[in-house]
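Letter by letter, the chains look like this.
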Amino acid sequence: MIIVMKHGSSKKEIDHVIKMVEGQGLKATLLHGTERNVIACIGDKRHISQDFWNAMPGVEKAMPILSPYKMASREVKPTNTQVQLSPGFSMGGLKVGVIAGPCAVENKTQLFSIAKRVKEAGAVALRGGAFKPRTNPYTFQGLMEEGLEYLAEARERTGLPVVTEVLSPEHVEMIGKYADVLQIGTRNMGNFVLLKAVGEQPKPVILKRGMSATIEEWLLAAEYILSRGNTNVILCERGIRTFEDHTRFTLSLSAVPQLKQLTHLPVIVDPSHGTGKRYLVNPMSKGAIAVGADGLLIEVHIDPERSMVDGPQTITVEEFQRLMAELKPIAEAVGRQM
Ligand code: PEP
Ligand code: MN
């Protein structure tokens, strides 16, 4: 059930409703909207009539939520959620934002030089894996905490917020001390213990689509995070497994406008993992912005041939700079800014 508060309802009225909801043994989460505030109520409320809530001061209406994901649904919150990545940029607003950087943090020189170049090209955040979820256990697993230290130093040098993947619940707190945004990778989209852990801390979360997940399963994964109290969730389409083996995965761009209908959460696209091929990153990035993505997550390296991880899908800093210039008119054509 959601309780829609009247336009202009007071903080006292909102607090009172929340207290009453919690008094009924339900979990209440306040979702701030530009027009109206909404209180999402999770739990068994079959015994309480809607009239009970409708009669409360400041309440416009109480209504059941029909979709299985409650807090992620547009039904609950018609206005777009904006997730703040830095004082100057929120994902999900008018401005399209591109997050860029190497697949993995390899060493200081590599990271700092890439960070400087992507910042100059207009990236809104720096990405880089310190804990890498590798298919093959004998390959480079990431620099771990040392990599996080380099990421934090790259932030100091460039001013860019940093995004990095968290693989296990035990690392959430430690990674949160270094990173500005936590990434949940495709292999962990259904790791519900991890989803709960990132839901219980305040840093924004980029939730990648499970490579075999339906859109509904993906939104339910987001719901795990939202229902624990963290409403700063960004969805990232990164390609799914299909019979097609020409590309590494099949990038589902139709997921973007579909999600925009179903959810208020920002949606970004990762054309690097989504295709596995460097030359496809540019056209698929353009396609993603054209279909309404709020941003992109792109793998960039000074020397992709020498990249320790995912070289074949990584673009050069020069290619990135060119792509950023080419994206601008596309963003403007669909009513966005860059
Ligand atoms: C990544 O972005 O570094 C990554 C491992 O992506 P995915 O989880 O989508 O494979
Ligand atoms: Mn990668």
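Per-chain numbering applies: the sequence of each chain, read as written, is numbered from 1 onward. Here the convention is simple: chains get letters from A, ligands get numbers from 1, in the order in which they are written. In keeping with the model being predicted, local features are shown solely for residues with a pLDDT of at least 70 and side-chain atom pairs are shown and tallied solely at 80 or more, while totals for entire chains, interfaces and linings include all residues. Heavy atoms from the whole structure form the basis of all side-chain values; hydrogens and water molecules are not counted.

Student: Would you mind showing me how to read the overall build of the protein here?
Tutor: Looking only at helices and strands, the protein has 11 helices and 15 strands in total. Here the C-alpha radius of gyration of the protein, 20 Å, is about what a compact globule of 338 residues would show, namely 20 Å. Overall, the C-alpha framework of the protein stretches about 65 × 45 × 40 Å when taken along its three principal axes. Buried, partly exposed and exposed residues are distinguished by accessible area as a fraction of the type maximum, computed with a 1.4 Å probe on protein chains only: under 20%, between the cut-offs, and over 50%, respectively. Scored against the burial criterion, the 338 residues of the protein give a buried share of 55%. Numbering of helices and strands starts at the N terminus; helices are DSSP runs of H or I of at least 4 residues and strands are runs of E of at least 2. Our radius of gyration is a C-alpha quantity, and the globule rule it is checked against amounts to 2.2 Å times the number of residues to the power 0.38.

Student: Where do I start with the site of ligand 1 in this structure?
Tutor: Looking at ligand 1, the residues that line it are Arg127, Lys132, Glu165, Gln183, Gly185, Thr186, Arg187, Lys208, Arg238 and His273. We call two N or O atoms a polar contact when they sit within 3.5 Å, provided that within protein one can donate a hydrogen and the other can accept it, with sequence-adjacent residues counted only if both atoms are side-chain atoms. Within the side chain of Lys208, an N or O atom sits 2.8 Å from an oxygen atom of ligand 1. Here the Shrake-Rupley method, with its probe set to 1.4 Å, supplies the accessible areas, and only the displayed protein chains count as covering residues. In isolation ligand 1 has 290 Å² of accessible area, and contact with the protein removes 97% of it. Broken down by class, the residue content of the shell around ligand 1 amounts to no nonpolar, four polar and six charged. Here a residue is near a molecule or strand as soon as one of its heavy atoms is found within 4 Å of it. Classification convention: Asp, Glu, Lys, Arg as charged; Ala, Val, Leu, Ile, Met, Phe, Trp, Tyr, Cys, Pro as nonpolar; all other residues, Gly among them, as polar.

Student: Just to check I follow, could you spell out unusual backbone geometry for this structure?
Tutor: Excluding glycine, residues mostly have negative phi values, and the peptide bonds linking residues are mostly trans. Of note in this structure, Met144 is not a glycine but carries a positive phi near 55°. Position of Met144 relative to the elements: it lies in the loop between β8 (125-127) and α4 (145-158). At Asp310, a residue that is not glycine, the phi angle is positive and equals roughly 60°. On the secondary structure map, Asp310 appears in the loop between β14 (295-301) and β15 (315-316). Under the relative-accessibility criterion, Asp310 is labelled buried at 18%.

Student: Explain the coordination of the manganese ion (ligand 2) to me, please; I cannot follow it from the model alone.
Tutor: The reference angle at a metal is 109.5 degrees if four donors form a tetrahedron and 90 or 180 degrees if six donors form an octahedron. Listed as protein donors to the manganese ion (ligand 2) are Cys103 (SG), His273 (NE2), Glu299 (OE) and Asp310 (OD); their distances from the metal cover 2.0 to 2.3 Å. Only nitrogen, oxygen and sulfur atoms qualify as donors, and only when within 2.8 Å of the metal (3.2 Å in the case of Na, K and Ca); with water excluded, sites may look incomplete. For the manganese ion (ligand 2), the single-chain donor residues occur in sequence as C-x169-H-x25-E-x10-D. In this pair, His273 is assigned in helix α9 (residues 271-275) and Glu299 in strand β14, connecting sequence segments 26 residues apart.

Student: Would you mind going over the sheet that holds strand β4 (residues 59-63) with me for this structure?
Tutor: Backbone-to-backbone hydrogen bonds join strands into a sheet, with any given pair of strands oriented parallel or antiparallel. If DSSP finds at least two bridges between two strands, the strands pair. As summarised here, the arrangement of the four strands in space is β2-β3-β1-β4, forming an open sheet in which the pairing is antiparallel. The open sheet has two free edges, formed respectively by β2 (27-31) and β4, since each of these has just one partner strand. Each adjacent strand pair in this sheet contributes to an overall mean axis angle of 20°, direction not counted. Convention adopted: a line fitted to C-alpha atoms gives each axis, helices being fitted over their contacting stretch, and angles between N-to-C directions are expressed from 0 to 180 degrees.

Student: Is there a simple way to explain the domain arrangement of the protein in this structure?
Tutor: By convention, interface size is frequently given as the accessible area that disappears when the constituent parts associate. Domain extents, as shown, originate in an automatic or database domain assignment. When the domains of the protein are assigned, the result is domain 1 (2-63) and domain 2 (83-333). Taking the mean C-alpha position of each, domain 1 and domain 2 sit 35 Å from one another. Between domain 1 and domain 2, the buried area comes to about 280 Å², and carbon and sulfur atoms account for 69% of it. We define a salt bridge as a side-chain nitrogen of Lys or Arg found within 4 Å of a carboxyl oxygen belonging to Asp or Glu. At the junction of domain 1 and domain 2, the tally comes to zero salt bridges. Applying the counting criterion to the domain 1 and domain 2 interface returns zero residue pairs in polar contact (both at pLDDT 80 or more). The element that contributes the greatest number of residues to the side of domain 1 that touches domain 2 is β2, accounting for three residues. By buried area we mean how much accessible surface two parts lose on assembly, using a 1.4 Å probe and totalling the loss over both.

Student: In this structure, what is going on with the packing of aromatic side chains? I would like to understand it.
Tutor: Any pair of aromatic rings gets described here by the distance separating the centres and the angle formed by the planes. Pairing of aromatic rings covers Phe, Tyr and Trp, the last through its six-membered ring, and needs centres within 6.5 Å; plane angles under 30 degrees mean stacked, over 60 mean edge-to-face, and all others mean tilted. Throughout the structure, instances matching the rule amount to two aromatic pairs. Centre to centre, the rings of Phe52 and Trp53 are 4.9 Å apart; their planes meet at 85°, and the pair counts as edge-to-face. Centre to centre, the rings of Phe192 and Tyr224 are 4.5 Å apart; their planes meet at 25°, and the pair counts as stacked. Here the residue Phe192 occupies a position in helix α6 (residues 192-199), and Tyr224 occupies one in helix α7 (residues 215-226), the gap between them amounting to 32 residues. Judged by its relative accessible area of 39%, Phe192 falls in the partly exposed class. Looking at Arg238, its charged tip hangs above the ring of Phe249, at a distance of 4.1 Å from the centre. Counted as over-ring charges are cases with an Arg CZ or a Lys NZ within 6 Å of the ring centre that also lie within 35 degrees of the ring normal.

Student: Can you walk me through the packing of helix α3 (residues 108-121) against α4 in this structure?
Tutor: The geometry of a pair of packed helices is captured by two quantities: the angle between their axes and the separation between those axes. Interaxial distance between α3 and α4 falls to 10 Å at its minimum, and their mutual angle equals 35°. The two elements α3 and α4 meet at a crossing, and its hand is right-handed. Of the residues in α4, those touching α3 at Lys108, Leu111, Phe112, Ala115, Lys116 and Lys119 are Tyr150, Leu151, Glu153, Ala154, Arg157 and Thr158. In this scheme the handedness of a crossing depends on how the near helix is turned from the far one: anticlockwise by less than a right angle means left-handed, clockwise means right-handed. When checking whether two residues touch, look at their non-hydrogen atoms; a contact exists if any pair is within 4.5 Å.

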